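Here's the letter readout for the chains.
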Amino acid sequence: MGATHDWSTSVDAEHLDEVRRDRAALAPGGLPHLLLEVLAYPVDEAREGTTSQVRVVLHADGSVSVSDDGRGTETRVDADGVARVKPVMATRDLRFYGRSDAPLLPDGHRRSGISVVAALSEWLVHTNRRAEGSWRRRFEHGLPVGELETLPAQHASGTVVHFRPDPDLVDSAVSVSELLEATRAYAAVVPVEVVDERG
């Protein structure tokens, strides 16, 4: 059991099902809240001095990507040299999920963790760049699809979370002005660039 996630399992299907059942409470307001859940992680790193910029892109296909220049998601390599990324997408965040003392996000609702975003998305692709290597993995409704994909080595570290909310589960509408207002509190910690490619 780690400080933030249980490393003993890579998928907690019961947790993901619970998120979908309780989606009205866990994703109030739909996509804007999901974005705040994702952004909270690089903002945490910015407070620790490991992230200096964040970029949000609203893509034409209804998906959203959040990228940062932080240290990347914690990754452990076993004795056989196989990498395993912290199971942030498919297991609950022990610090926040279901806790009455979880911090409030800028929209005034409690933080639950990024697994909520994965569970309520048709798909999510997590790209993780670390000093020791780079990897990518796809999830569908929170469940990993295929193996962890090793990427060519890169000079810079950071994380990209690219996801498309399931419109049958959450309201996926969001305007740039609404997003800028929601992230105003974050902008005091780290610059957040918002790009709208929807036309």
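Residues numbered from 1 in each chain as written. Predicted model: local features only at pLDDT ≥ 70, side-chain atom pairs only at ≥ 80, totals over all residues. Heavy atoms only, no water.

> Before we go on, may I ask you to explain the overall build of the protein chain in this structure?
Within the protein chain, the regular secondary structure consists of six helices and nine strands. Over its C-alpha trace the protein chain gives a radius of gyration of 16 Å, about what one expects of a compact globule, namely 16 Å for 199 residues. Per-residue burial over the protein chain gives 50% buried out of 199 residues. Taking as baseline every contact in the protein chain between residues at least 6 positions apart, the subset at least 24 positions apart corresponds to 69%. Of the roughly 9,500 Å² of accessible surface on the protein chain, a fraction of 48% belongs to carbon and sulfur atoms. Charge separation in the protein chain, taken as the distance between the mean sites of 22 positive and 32 negative side-chain charges, equals 2 Å. (Helix = DSSP H or I, 4+ residues; strand = E, 2+ residues; numbered from the N terminus. Rg over C-alpha atoms; globule rule 2.2 N^0.38 Å. Buried < 20%, exposed > 50% of the residue type's maximum accessible area, 1.4 Å probe, protein only. Contact = heavy atoms within 4.5 Å. Areas by Shrake-Rupley, 256 points an atom, 1.4 Å probe, with all protein chains shown as cover. Lys, Arg positive; Asp, Glu negative; His and termini not counted. Charge placed at Lys NZ, Arg CZ, Asp CG, Glu CD.)

> Can you walk me through the side chain of S134 in this structure?
With respect to the helices and strands, S134 occurs in strand 6 (residues 133-140). Aside from chain neighbours lying at most four places away, what touches S134 is N128, R129, E149, T150, L151, P152 and Q154.

> Got a minute to help me understand the nonpolar core in this structure?
In globular proteins that are soluble, nonpolar side chains generally tend to be buried together. Counting 42 residues, the largest nonpolar core has L34 and F163 as the members making the most contacts within it. For this core, the secondary-structure elements that each account for two or more residues are helix 1 (13-21), helix 3 (31-47), strand 1 (54-58), strand 2 (64-68), helix 4 (115-119), strand 8 (158-165) and helix 5 (176-182). A total of 10 residues in this core trace back to one element, the largest contributor, which is helix 3. Ignoring any residue separated from it by four or fewer positions in sequence, one finds L34 in contact with A27, V116, V117, L120, F163, P165 and V170. (Core = buried A, V, L, I, M, F, W, Y, C linked by side-chain atoms within 4.5 Å.)

> How should I be thinking about the sheet that holds strand 6 in this particular structure?
Read from one edge of the open sheet, seven strands run 7-6-5-8-2-1-9, paired in mixed fashion. On the outer flanks of this sheet lie strand 7 (143-151) and strand 9 (192-196), each paired with one strand and no other. Between one strand axis and the next, the sheet turns through 10° on average, direction left out of account. Inspection of the sheet shows strand 5 (residues 121-130) paired to strand 6 by seven bridges, in the antiparallel sense. Each bridged residue has a counterpart across the sheet, and for T127 the counterpart in strand 6 is R136. Its contacts with the sheet put helix 3 on strand 1, strand 2, strand 8 and strand 9, and the angle it makes with strand 8 is roughly 170°. (Pairing = 2+ DSSP bridges. Axes fitted to C-alpha atoms, helices over the stretch in contact; angles between N-to-C directions.)

> I'm lost on the pairing of strand 7 in this one. Help?
Looking down a regular strand, the side chains alternate between one sheet face and the other. Note: strand 6 against strand 7, six bridges, orientation antiparallel. The residue bridging R136 from the neighbouring strand is E149, located in strand 7. Where strand 6 folds back onto strand 7 in an antiparallel hairpin, the turn is made up of two residues, including H141, whose phi is positive at roughly 50°.

> How should I be thinking about the pattern of salt bridges in this particular structure?
Where side chains of opposite charge bring their charged atoms close, a pairing between them can arise. The final tally for this structure, using the stated rule, is 14 salt bridges. The partner of D17 in a salt bridge is R20, with the nearest N and O atoms 2.8 Å apart. Of the two residues, D17 and R20 are both situated in helix 1; the distance of three residues between them amounts to about one turn of the helix. Note that E122 and R164 form a salt bridge whose closest N and O atoms lie 2.8 Å from each other. With E122 in strand 5 and R164 in strand 8, this pair connects stretches of sequence that are 42 residues apart. Among the charged side chains, a salt-bridge network with shared partners connects D44, R47 and R111. (Salt bridge = Lys/Arg side-chain N within 4 Å of Asp/Glu carboxyl O.)

> What should I look at first to understand helix 1 in this one?
One turn of an α-helix holds 3.6 residues; hence residues three or four places apart share an orientation. What helix 1 keeps buried is the set H15, L16, V19 and R20. Around the axis of helix 1, the buried residues are gathered within 140° of arc, so they sit on the same side. Those residues of helix 1 that are exposed and angled more than 90 degrees off the buried face are E14 and R21. Against helix 2 (23-26), helix 4 and strand 7 lie the buried residues of helix 1. (Arc of directions from axis to C-beta.)

> Would you mind showing me how to read the side chain of T75 here?
Note that T75 resides in strand 3 (residues 75-77). From its side chain, T75 meets the backbone oxygen of T73 in a polar contact 3.0 Å long. Apart from the residues lying within four places of it in its own chain, the contact partners of T75 are A83, R84, V85, N128, R130, E132 and W135. (Polar contact = N/O pair within 3.5 Å; in protein donor to acceptor, adjacent residues only side chain to side chain.)

So yeah, pure geometry; function would need other evidence.
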